[in-house]
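# Remarks on the overall topology
The residues making up each chain are set out below.
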Amino acid sequence: MNSPAERVPHIPGSRYAVELKRGARDMRFSPELEHEYLRFYLAERRGHVRSFNLIMCALFVLACAESVWAAPSHTQLAQQLRLGTIAVAYLAMAWVAYSRHHERLYLETARYASLVISLVAAVEVAHRIHAGAGEVFALLTPYSIGLYFLAGILYRAALQANIVMIIAFAATLTYLSEPAAKLAALTATLAVTAMIGGLAFRNQGIRFRRTFLERGLIAEMAARDGLTGLKNRRAFDEHLTRTWQQALRDRRQLTLVMIDVDHFKKFNDRYGHQAGDEALQRIATVVDSFARRPLDLAARYGGEELVLILFDLSRQHAEQLAELVRAGVQNLQISHIDHAPGVATISLGVAIVHPTLERSPEGAVQLADEALYAAKREGRNRVRIFESEYQGLSTGIFRPH
């Protein structure tokens, strides 16, 4: 039977597939993917985090008010300050959870607020136990579990808050000269609760991360070409529109590289369609290796045509990259005896466009198509670059290859 990692489909360049194969067991991804995961995590948990923090804030405000109404004393004042501090910390968490800054600020706010709450709550409960109200200890164990499952913080932050609570609780009981046996029993109970909750939360965190990866992989597969593993035509069209708008805003240029496998029909006729599929997959892997920046993309445009979108490259850099792609495919040494070089090659049409309001993404595609036609007309297995030709291009007329 295959392991879960072996059942993960092979998708070139997929961060989700790579992490799924690793098992997501170190509770952290690469920085870019971790940032995406945190957005997912915050969005998924925001509803119950809002409710939890608002309820806890209200409870401690009421507790503080009840303490104020009681007979004033030095002890009562210290208690009021502790309860007020906890209420303010929960209020801060609730405010961020409801604000538009939630995604940016909640995790850090909740992390430090939880440390404050854990410290102050442990001191308050220890004082009440010393005063003879031993039943309040029962509040710390559900709070320990709540840190993991209800506060909306990450595993390490919840673990740190629990450790602070245990140390503060034990230190306060020691300061108040509670019997050693009682101190040891209560502290051990709290530590065991924190340990069990931590193990359960860690396992839940792994499952949560795996769910995030699986959702991402499913969405990515929907945007992938089934044969080559590159992005499909729909994903290409959507990405081109987005990068066009980005280039327009940033006043950057956009490079499109249209790629066609030379005499691919003859290849299929000679070697069969299965061999043609395998050759196209190997060629796609080479093409995909040149789309590694966040705004770059490699896609299957249709049939044996592939395409690259490259953001903000100089003409010299674009020409060098296109030549590397061409050489990389030729170096695969895929036998093609019906083609002059004796191996499979590609022709590349490069369009370098400076987006303006008067131009369109469709026109950029057509310019790359015209450049590809020129490369094939001039003998194939070469790169042709068009840039200024865009000025006089009449859109809507495509060349047959």
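Residues numbered from 1 in each chain as written. Predicted model: local features only at pLDDT ≥ 70, side-chain atom pairs only at ≥ 80, totals over all residues. Heavy atoms only, no water.

### Considering the layout of surface pockets
This is how the line gets drawn: Grid points spaced at 1 Å over the protein atoms alone were grouped into cavities, where a 1.4 Å probe fits but cannot get out, and pockets, open sets with protein on both sides within 12 Å along at least five of seven lines, with lining residues defined by an atom within 4 Å of a point. Grid points are joined across faces, edges and corners, and a volume is the space filled by probe spheres set on the points. The helix and strand labels rest on DSSP assignments: H or I over at least four residues marks a helix, E over at least two residues marks a strand, and numbering proceeds from the N terminus.
Approximately 930 Å³ is the volume found for the largest pocket. Along the wall of the largest pocket there are 32 residues; nearest its centre are R15, E220, K231, P294 and D296. Elements with a contribution of two residues or more to the lining of the largest pocket: α1 (15-22), α2 (31-69), α7 (180-222), α8 (233-250) and β2 (297-302). Of the residues forming the lining of the largest pocket, the biggest block, eight residues, is contributed by α8. Approximately 520 Å³ is the volume found for the second largest pocket. In terms of lining, the second largest pocket is formed by 25 residues, of which the most central are R28, E34, L38, L107 and L154. Mapped by element, the contributors of at least two residues to the lining of the second largest pocket are α2, α4 (102-130), α6 (155-175) and α7.

### Regarding empty space enclosed by the protein
By rolling a water-sized probe across the atoms, one finds the places where empty space is left. Quick reminder of the rule: When residues are grouped by polarity, Ala, Val, Leu, Ile, Met, Phe, Trp, Tyr, Cys and Pro land in nonpolar, Asp, Glu, Lys and Arg in charged, and all others, Gly among them, in polar.
Throughout the structure, instances matching the rule amount to two cavities of 30 Å³ or more. Size it by volume and the largest cavity reaches roughly 40 Å³. Taken together, F52, N53, Y90, M93, S114, I117, Y143, L147 and A151 make up the lining of the largest cavity. Those elements giving two or more residues to the lining of the largest cavity turn out to be α2, α3 (74-98), α4 and α5 (140-149). Per-class residue counts for the lining of the largest cavity are seven nonpolar, two polar and no charged. In this model, the second largest cavity occupies a volume close to 30 Å³. Lining the second largest cavity are Y41, L42, R45, R46, V49, H102, Y106 and G152. The set of elements that each furnish at least two residues to the lining of the second largest cavity consists of α2 and α4.

### Thoughts on the side chain of N162
Threshold: Each polar contact in these results corresponds to two N or O atoms within 3.5 Å; when the atoms are within protein, one needs to be able to donate a hydrogen and the other to accept it, and residues that are neighboring in sequence are counted only if both atoms are side-chain atoms. Should any heavy atoms of two residues lie within 4.5 Å, those residues are considered in contact.
Within the secondary structure layout, N162 lies in helix α6. Among the polar contacts made by the side chain of N162, one reaches the side chain of Y148 at a distance of 3.4 Å. Setting aside anything within four residues of it in sequence, one finds N162 in contact with S144, L147, Y148 and A194.

### Details of the side chain of T345
To keep things clear, this is the line we draw: Burial classes follow relative accessibility: with a 1.4 Å probe on protein chains only, a residue under 20% of its type's maximum area counts as buried, one over 50% as exposed, and anything between as partly exposed.
Within the secondary structure layout, T345 lies in the loop between α11 (315-330) and β4 (346-353). Here T345 falls in the buried class, since its relative accessible area comes to 0%. At a separation of 2.6 Å, a polar atom in the side chain of T345 contacts the side chain of D262. Within the local environment of T345, its side chain forms a polar contact with the side chain of H339, the two groups lying 2.7 Å apart.

### Regarding the sheet that holds β4
Filter applied, for reference: Paired strands, in this sense, are two strands between which DSSP finds at least two bridges. Each axis is a line fitted through C-alpha atoms, taken for helices only over the stretch in contact, and angles between the N-to-C directions span 0 to 180 degrees.
Strands sit in the order β2-β3-β1-β4-β5 across an open sheet of five strands; the sheet is mixed. Both edges of this open sheet fall to β2 and β5 (383-386), since each of them pairs with a single strand only. The average undirected angle you get between the axes of adjacent strands in this sheet is 20 degrees. Note that β2 and strand β3 (residues 305-311) share five bridges and pair antiparallel.

### Considerations on the environment of L150
Positionally, L150 belongs in the loop between α5 and α6. Placed 101 residues apart in sequence, L150 and V49 show a C-alpha to C-alpha distance of 6.2 Å.

### Quick notes on the pairing of strand β1 (residues 254-261)
The buried count for β1 comes to eight of eight residues, which makes it a mostly enclosed element. Alternating residues of β1 divide into L254, L256, M258 and D260 and T255, V257, I259 and V261, and every residue in both groups is buried. As judged from the seven bridges shared by β1 and β3, these two strands associate in the antiparallel manner. Paired with L254 across the two strands is F311, which belongs to β3. The pairing of β1 with β4 spans eight bridges and is antiparallel. Its bridge partner lying in β4, L254 is registered against V353.

### Details of the packing of aromatic side chains
So the rule is basically this: Pairing of aromatic side chains requires ring centres within 6.5 Å, counting the rings of Phe and Tyr and the six-membered ring of Trp. Pairs whose planes differ by under 30 degrees are stacked, by over 60 edge-to-face, and all others tilted. Think of it as a cone above the ring: NZ of Lys or CZ of Arg counts as a charge over the ring if it is within 6 Å of the ring centre and within 35 degrees of the ring normal.
The full count for this structure, using the stated rule, is 20 aromatic pairs. Ring plane angle 40 degrees and centroid distance 5.5 Å describe the contact between F40 and F208, whose orientation is recorded as tilted. Here F40, found in helix α2, pairs with F208, found in helix α7; they are 168 residues apart in sequence, far enough to count as distant. Taken together, the ring pairs in this structure connect Y16, F29, Y37, F40, Y41, F208 and F212 into an aromatic cluster. Over the face of the ring belonging to F29 we find R209, whose NZ or CZ atom lies 4.8 Å from the ring centre.

### Things to note about α1
This is how it is decided: To be clear, the arc concerns the directions from the helix axis to the C-beta atoms.
Turning to α1, its buried residues are Y16, A17, E19 and L20. Here the buried residues of α1 occupy an arc of 165 degrees about the axis, which is enough to place them on one side.

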